[in-house]
Each structure stands twice: as structure tokens, then as C-alpha cells.
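Reading the structure
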Amino acid sequence: MWEAVESTYLLVLFVGTAAALSSRLLPRRAASAVSTAISAAALALLLTMSLQAGGLAGYIGFVSTVIGLAAVAAAIDIVHEDKALHNALVLALSGSLAVLAGSGDLIRIFIAWELMSVSVLILVAFHRDREAAEAALKYLMLCGVGSALALVGIALVALETGSTAVGAVQRASMLARALLAVGFATEAALFPLHFWLPDAHMVAPSTASAMLSGIVIEAAAVLAWRVAGTDPVTSRVFLLLAAAGALLGNLSALAQDDFKRLLAYSSVANVSYVLMGLCSGSELARTYAYLHIAAHGFLKAALFLTSGVLLAVHGTRSLAALRGSAARDNLLKLVVIASCLGLTGAPPLLPFWSELFLAVGLFGASPPLALAFIIAVVISFGYYFRVLYGLSVGAPSDSSQKALTTAKLTALSLVLLSAALFLQPRALLAFFSLA
Amino acid sequence: MGLDLVPLLLLVSSVAALVVGRYSRRACELLAVAASGGAAALALYLILGGAGSPGVLPVLADPLSEFMLAVVCVLGFLIVVYSVGYMAGEEGFARYYFFILLFIGAMAGLVVAADILLLYLFWELVGVCSAMLISFWWDKPEARRAGLKAFTVTRVGDVGFLAAIALIIYSAGTTSIPGVIQALGADASLAGLVGALLLLAAAGKSAQFPLLVWLPDAMEGPTSVSALIHAATMVKAGVYLLSRFYPVLTVEVRELLFWLALATAFMSAVSALASYDLKRVLAFSTINHLALMFLALAAGAWAAAQLHLLSHSLFKALLFLCAGLIAHEVGTRNLDEISGLWKAGLRLTGVAFLVGALSLAGVPPLPGFFTKEAVLEAVAEHLVGPAGEAVVLLLSFLSAAYIFRLFLRVFAGEPKKECEEHNLWMRVPIAALAVATLAGAPLILPVSKFLGVHHVEARLDAWALLGLVTGSALAYAVWGRGLLAGLRAALKPLARLADRVYLLDDLYTWIARQVSQRLSYAAVRLQQGNPAVNTLWLLGLVILLSIVILAVV
């Protein structure tokens, strides 16, 4: 049970983050090694606790710590600046998400929320250049206002019901619920509140983008649904907005040349799929919306890590300039082909099941929305195939010899994990008692 | 040991091929041949020896599944052997054998799956393999485009499949195929809807009107792939799906199927007559014969559809393998640049091609004659009267004309250069398939007995015979003797139109491009860089939500 482990979980999170941060006092080389070890150990501990806890919180914890571990591992190769800070932030970020999904207390949730927001903000601004500053400002403006709205919502709930329990939200006024839902939905990049996302996910270090796209916005979506799901009107509005976001995200991704920006837009679409499933009111769609979090998260993280490797080797994110850059590298090519095909919903990777049953569930709830979902999925083929062909076909423009084996193997393990889970999706859902 | 052993064996060996391929080409080829040969032997053994206890996957061990499994595995084996010769010298051989083994495994899984979700899984998996193999030579932009097109168009058809699954889950409450058929049998209106949706899925996979545009382009792939996936097996998945759910197809659905298939049959036959690309002619002819199978299903001749599927798989795989050897030797697929290959030395190929062509045209006593006759008879009965006779006459006229045109254009006349057919890996499967096609007629009786149906008796239909004779005569006059040159020249613009699938393809591409470009431009424009504007959106949403809430409360 989540309640049983929550305090220990938070303790590990704070102590781990503090320890990883303080390793910055060491000389640069040692700081990198020590912070990597501390973060990995803390994440592994959090992973174990998540597996023990089960339930939705445990599940979110599982996905976020796995992606967090991947980010820390890949950072060995592709993050060169302040590795200790990066690792501490990744740890703080992945640790805070399970609390959002599991905690029963709005104050705790808000603290975790702020921890997450601050980590995201610093990670977005990590490179300390003009582009990063602009993206961070956009994030700060929009999500800051979102957090403020959510805080007002919490205050209203507390004033009206005299309680800060999540259960009290149901008894609160509609205004309070709407404020909470909209505030949290900003971070979840619900259309039309997603405008901060493409910039932020594009400029953050690729390891952080893997976290942001892979699990952070999905966890925020789960939280938004936890408060919006209590209200049929808000739920309905969210459902329609999510359908619009699914179409718009994929359409925008079609036009991108920047690899990471393309992936970011595609994440807008995917978090919208999750929200559609959650808000549809169909039991089946909701269950498989949960599954889609892992299904999309692992593969999208693998693609972001790939983009990080390519950025480190070729120094560019432009797909036109990266033409053929994975062609000579069998490992990277396998990751690119498998993740792109997998994200189109093709077997044998996990999104096959989540997209299949999301469509089936949505058909049960509302056939037009199911059609919108499928059309959005079909639109996405265009850019996934462009990435797949673009990176694997042709000759690389320069053949610099950087191995970056750890990062590549990390991306590959995420793909293999997705393939392994493909065999037993129901077992995964049953393990966390979600089905 | 159950039938599921066959797909599992192939799926495992596909991964092994990917790993082995990193080290040795020979080992990879050997593994592929051994795995597909083993799968074929195992399939035949299990079918003839009776399948044992069920294994890991839920499988159907009824005659239809076993029959399809045998077709898939045996043809798969022959074509893998052919690939060893055909793909010699290609760089991405590991990728090739991985996908081809994965494909055969997935196709084997598709035809034995007893659960509709499992069926859908393999249905998608064969689609992925097909797309990746079409774009195997992905340095060519056309190949990349063709792969994406095949993937997208078939997935559009799969909307029907998904909706059908949803309906089945919500109303039948089971996903096991026998259970589904039983549940749908009790509810005619539901069965009609599910049938229509499955029809859409089948039309996508089997390239029927209006989703037929992807198959001609799929010819950009290696010819071994065209032979296996786009002639002999995957495109039959739609036929299999409707045969499997035949008991629940209502009269209305069958009527819809009949007219769609009839339209497809005529469109594709004319296109086959008009196309200037060796493989495109064969692709159009495949669409034509798939339409014949659907016509048989629609007209109530279930057995005729299965038997024609068998004979078509044999002769079309044979024709494609010959086409692959020709393209390999001559270096082009353009019919204007190919001529006189008989004199150029392609004797075995010429004979084999002729055998395939005769079977395709329905010349007795080749298997194509018996099975096509059965289909046409059912069509004539369904349409009653002169309309039926006219359709039979026209269909056999067109198919005889297009296939003999192709044969004459390729093999008659004077050679441009010497060719030779030296590659043993390619000659053996061609010879084997030619023998199978030649001697296939006696196979039909045991197969129809195996499928548990009365053998459809072979009657010589006068109209079909007339069509065959006039079609062959026309082909000989025009392309053998060079008569009617003026008419040919006059018809050229029309032929170009037919070759481009009556601009249907251009229309779809235009719509897709316009819609995606305009909408994606609009979507990108919506993205504002100004944080203040973004915040206004947020406040706008809050206000909107408040208004909605106030109005509701």
C-alpha cells in the first residue's frame, strides 16, 4: 500500500537528493561518479518501494524511476556540464511523481508538485544559453500561473470543507475543482495549455527531455484527472480538449525538422491519448491509458536518449543534417527502428496493446472520439516513418568516432523492456492492481 | 505439440537470424532456409499426423487453418530458398531475413490464431513486416514512400477491424473466434455491422476497391517479397478473415462485398492490360484474382474461394519468381525495354512463365482452370441471366488478354542481349513451383476433401471458354503479330490513366498532402512564442470553464 511507504519514500527522496547535491562539493570528476552512484542507488531504492507499494502510485513510481535510472545512466555519456546537479534534479523529479499519483493529502501533493516544477525549471534552463533561458521563461510564466491557480484551488477546498484530503475535493465547489484541474492540466500540456512544452523539451538535456516527455507530463495528467475526474463537466471538457490536442500535437509534429521538437510535439499528442482514456469514463480505456504511460514513456525516452547521442556526436538536432546518422551504427539503428515502429502502435512492443484497447475503450464510450484517436494515430505515421527513414538511410555526413556505448545500451534496454512487457501486459497491470 | 509451434519456431529464428547475421552471411542464409524448411515440414507433419495438445497460444486446428498454414509455410520455404540467390550481394541481408522469417511466423500465427485479439496482433505484425520489406531498398525515395503508403492505407482499413473488435468485446463478451461466431449468429443486426467492418479491414489488407492503391506501389520491394507477401500470402489475409467469419456474413454484407469485388475485378484487369511495368502487371493481376476470391465468397461458393486461393498462390508465386529472375537478368522492369527473352536464353523461365500464365488464364487441365471455373460459375449463378454471362465472358477475356500480352511482350521478338539463368538457388524454386502448377490439378480433389466440401465439378462453361479464346487471340494478334498498332497508340493515354489506378492514387495522395500540410501549417501557427499570450490562453480556459460551470449549475 502506498500510504505505508509514503514517509519512507519521501525520506529516501529528500536524503538522496541532498546527498547527490552535496556531492557537488567534491572535485569535478569525483562529483560526477559519486552523484551518479548516489542517484542510481536512491532510484533503485525508490523503484523497489514502488514495486512493493503497488497501485497507481507504485506504477507511476515504477515508470518514473526506470526512466530516471535510464537518464542517470545515459548522462554518463551525454551530459558534460554539471553532472551532479543533473543527477540530483533527475532524482528529485522522478521521486516526486509517485507522490502526485498516490498521496491522499493536497498539501503533500502540492509540495511534491513544487519540487517537480522547480526541478523541471532548472533542467530546462540547464544549458544556460539564450534558447534555454527563453524556454525556461515560457515554462515559468505558464506553469507558474498554473501552480498558482492550483494553490488557490487547494485553498478553496480547505476553506470550504475544512480538510485538505484529496477526498474532500469531491465535496468542494465546482470553482475549486475547476481551478485545481486547470492548474494541474497546465503541466500536463493539455491543449491549449501546451505552448510551453515544445520549447522546454527541446532545449533541456536529452536525458531530462526523456524524463519530461516520458513520464512527467503523464504523471501531471494523472493528477489533473484525479481532481477533474470527480466532476463530469470538467471531465467532458478535458476529453474534448484532449482529442483536439491529440490531433494538433501530431499535425504540428509533421512539420518539424528539429528532432527533439518533433518528439516533444508527439508527446503532446501522447499525453492527450492518456487524458482521453482517463476522462472517457470507460473502464477499459482508463486501464489502458495507464498502460500507455509506460508504453509511450519507455520508447519515447529511448528516442530522446538517441537524440542526445546524435546531438553529442554530430552537434545538431536538425533531422536534415542528421540524415543517415544511424545508418552505420547497428545498435542505434535498431533502437530507432524499433522505437519508431513501436510508437506507431505496431507489435511487438507495448504501445500495441495500449493503443488497441484505448481505441476499443473509446469506441465503447463514444465512437466519434475513437475515430479522432485513430486518425491522430494514423497522422503520426508520417513523422515516425520520416524519423525512421531519415536516420537510418544514407551515409552519415561526418564519421566522428565517439562510442557513447552506455547511452546507446541504455536506450536499447528501454526498448527491450518494452518488448518484454509486450508479452504480458495484463500481468503488468495486475501486478499494480490496475486491471 | 500444437500448431502454435510453427509460428513460435519462426519468430524465435527471426531474432536468431538478426544476431547471426552480424557475424556471417552464410550462417544467416542457412538459418533462414533451415528454419523455414523446418517450419514447412513441421506444419505438414502436424497437419497430416493430427495436431496434438494445445500449446502456448490458443490455436484453431480446423481444416481451414491447417490448409492456410500449409500454403504459407511451403511457399515461405520455397521463396526463402529463392531469396538466397536473389538477395546474394545485398548488404542488408540480416534485416531481410529477420523480417522475412518474422513475416512467415506472423502469417502462420495469423491463420492459426483462435482468438480475435491474437489474430489482430499477427494481422498488424504482417503489416509491419510488409511495410519494412517494401521499403527494403530504402535508399530509393519511391521505396520509402511505398512502404509508408502500404502501412498507412492498410491501417486505414484496420479502423474497421478495431471497431469490430470493440463491438465484439462489448456485445459478445468473448474474444475466442468460435465463441464470437456463435454469439453473432444469434444477433443478425450486430452480425451485419461486424461483417461490414471486417469487410473494410479485409479490403485494406487485400487491396480491394477503394483501398487498392497501395499494392501496385508495393512492387518497389524485392521481387521475392512481392512473390511471398504481395501475391501468395499476406494479401490473402483478407480472404482468410472473411472465410473465417463467413458464417456471420449477412446477405447485405455479401451483396456489398460482391459489388465492391466486381468493381475491383474490372478495374484491376484493365489496369493489368495497360501497365508498362512487369511487376505492376502482376500486382494488378493479383488484385484481380483476390477480387475473384471475394466474388466467390460473396456468391456463396466458400470452397471455390479456398481452392482458387491455393491455385492462385501457386501460379502467382511462380510468375513473380520468374519476373524476379527476369528483372535480375535484364536490369529493368519496363516492358518497353524487355523483349525476346526466349531467344536470349531464358528457356526454363519461359516455360515456367508460360505454365503460370496458362494456369492464370484458366486453360484446362491446369489447376487455375478448375478453380476459376468454379468461381465464375458461382458469379454467373449469383447474377442470373445475361448479366452473369457477360461478366464471365469479360472477366475471362480480360485475364487471358493481359497475361498473354505480358508473356508475349517479354518472351516474343528479338533479344536485346544474351541472358542466362545460372543461379541454382533461383532455378530450383521456379522449377518446383512450375511442376506444382502443372501437376496441381490432381491436388484439388484431396484438398477439397480435406476442407470438407464436395468437390466442385469441372464443367466447361461456354462463355468462359469464349472469353479465353478471344482474349488469347487478341493478345496474339496485337502483341504477337503487331496488328492494330494504330488503335494501341490511340488508347495509350487511357492506358496511362488505368496504370495510375484511375487517378485514385493521385486523389488520395493529393487529399492527404493538402490536409496534412494545411492543418499542420495552421497547427504550427497556433504555437505562440509569447509567454504573455500563452498565459492569456490559460486564463481564457479558466474563464471558459467557469462560464460552462455557471451555466450548468
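Remember, predicted model here, so these are calculated numbers, not experimental data.

Considerations on the overall build of chain B
Scanning chain B for helices and strands turns up 24 helices and zero strands. Overall, the C-alpha framework of chain B stretches about 85 × 60 × 55 Å when taken along its three principal axes. Across chain B, every contact between residues at least 6 apart in sequence was considered, and the portion connecting residues at least 24 apart equals 82%.

Some words on the interface of chain A and chain B
With 43 residues of chain A at the contact, the number on the chain B side is 40 residues. Taken together, the elements giving at least two residues each to the side of chain A that touches chain B come down to helix 6 (130-161), helix 7 (174-187), helix 10 (232-254), helix 14 (351-365) and helix 15 (367-392) of chain A. The residue makeup of the side of chain A that touches chain B, split by class, is 35 nonpolar, seven polar and one charged.

Here's the deal with the confidence of the model for chain A
Predicted coordinates in regions of low pLDDT should not be interpreted in detail. When pLDDT is averaged along chain A, the result is 90, and 99% of the positions lie at 70 or above. Model confidence for chain A, summarised as mean pLDDT per element, is weakest for helix 7 of chain A at 88 and strongest for helix 11 (residues 259-279) of chain A at 94.

Remarks on unusual backbone geometry
Each neighbour pair has its own omega, and for Phe209(B) with Pro210(B) the value is 0°, a cis peptide bond. Inspection of the secondary structure puts Pro210(B) in the loop between helix 8 (188-205) and helix 9 (214-217). In this chain, Pro364(B) is followed by Pro365(B) through a cis amide linkage whose omega measures 5°. Its identity as a non-glycine residue notwithstanding, Ser433(A) has a phi of 40°, on the positive side. Looking at the secondary structure, you find Ser433(A) in the segment after helix 17 (425-431). Using a count of 11 C-beta atoms within 10 Å as the deciding quantity, one classes Ser433(A) as exposed.

Description of the packing of helix 11 of chain A against helix 15 of chain A
Residues and elements named next belong to chain A. In the contact formed by helix 11 and helix 15, the axes pass within 11 Å of each other and the chain directions differ by 160°. With respect to each other, helix 11 and helix 15 are oriented roughly antiparallel. The hand of the helix 11/helix 15 crossing is left-handed. Residues Leu-262, Ser-266, Ala-269, Tyr-273 and Met-276 of helix 11 form the contact with helix 15, whose own contacting residues are Leu-369, Phe-373, Ala-376, Ser-380, Tyr-383 and Val-387. Among the residues forming the contact of helix 11 with helix 15, the class breakdown is nine nonpolar, two polar and no charged.

Thresholds applied
- Residues numbered from 1 in each chain as written.
- Chains lettered and ligands numbered in written order.
- Predicted model: local features only at pLDDT ≥ 70, side-chain atom pairs only at ≥ 80, totals over all residues.
- Helix = DSSP H or I, 4+ residues; strand = E, 2+ residues; numbered from the N terminus.
- Contact = placed C-beta atoms within 7 Å.
- Nonpolar A, V, L, I, M, F, W, Y, C, P; charged D, E, K, R; others polar.
- pLDDT = per-residue confidence, 0-100.
- Buried ≥ 20, exposed ≤ 12 C-beta atoms within 10 Å, placed from the backbone.
- Axes fitted to C-alpha atoms, helices over the stretch in contact; angles between N-to-C directions.
- Parallel < 35°, antiparallel > 145°, perpendicular 65-115°, else oblique.
- Left-handed = near helix turned anticlockwise from the far one by under 90°.

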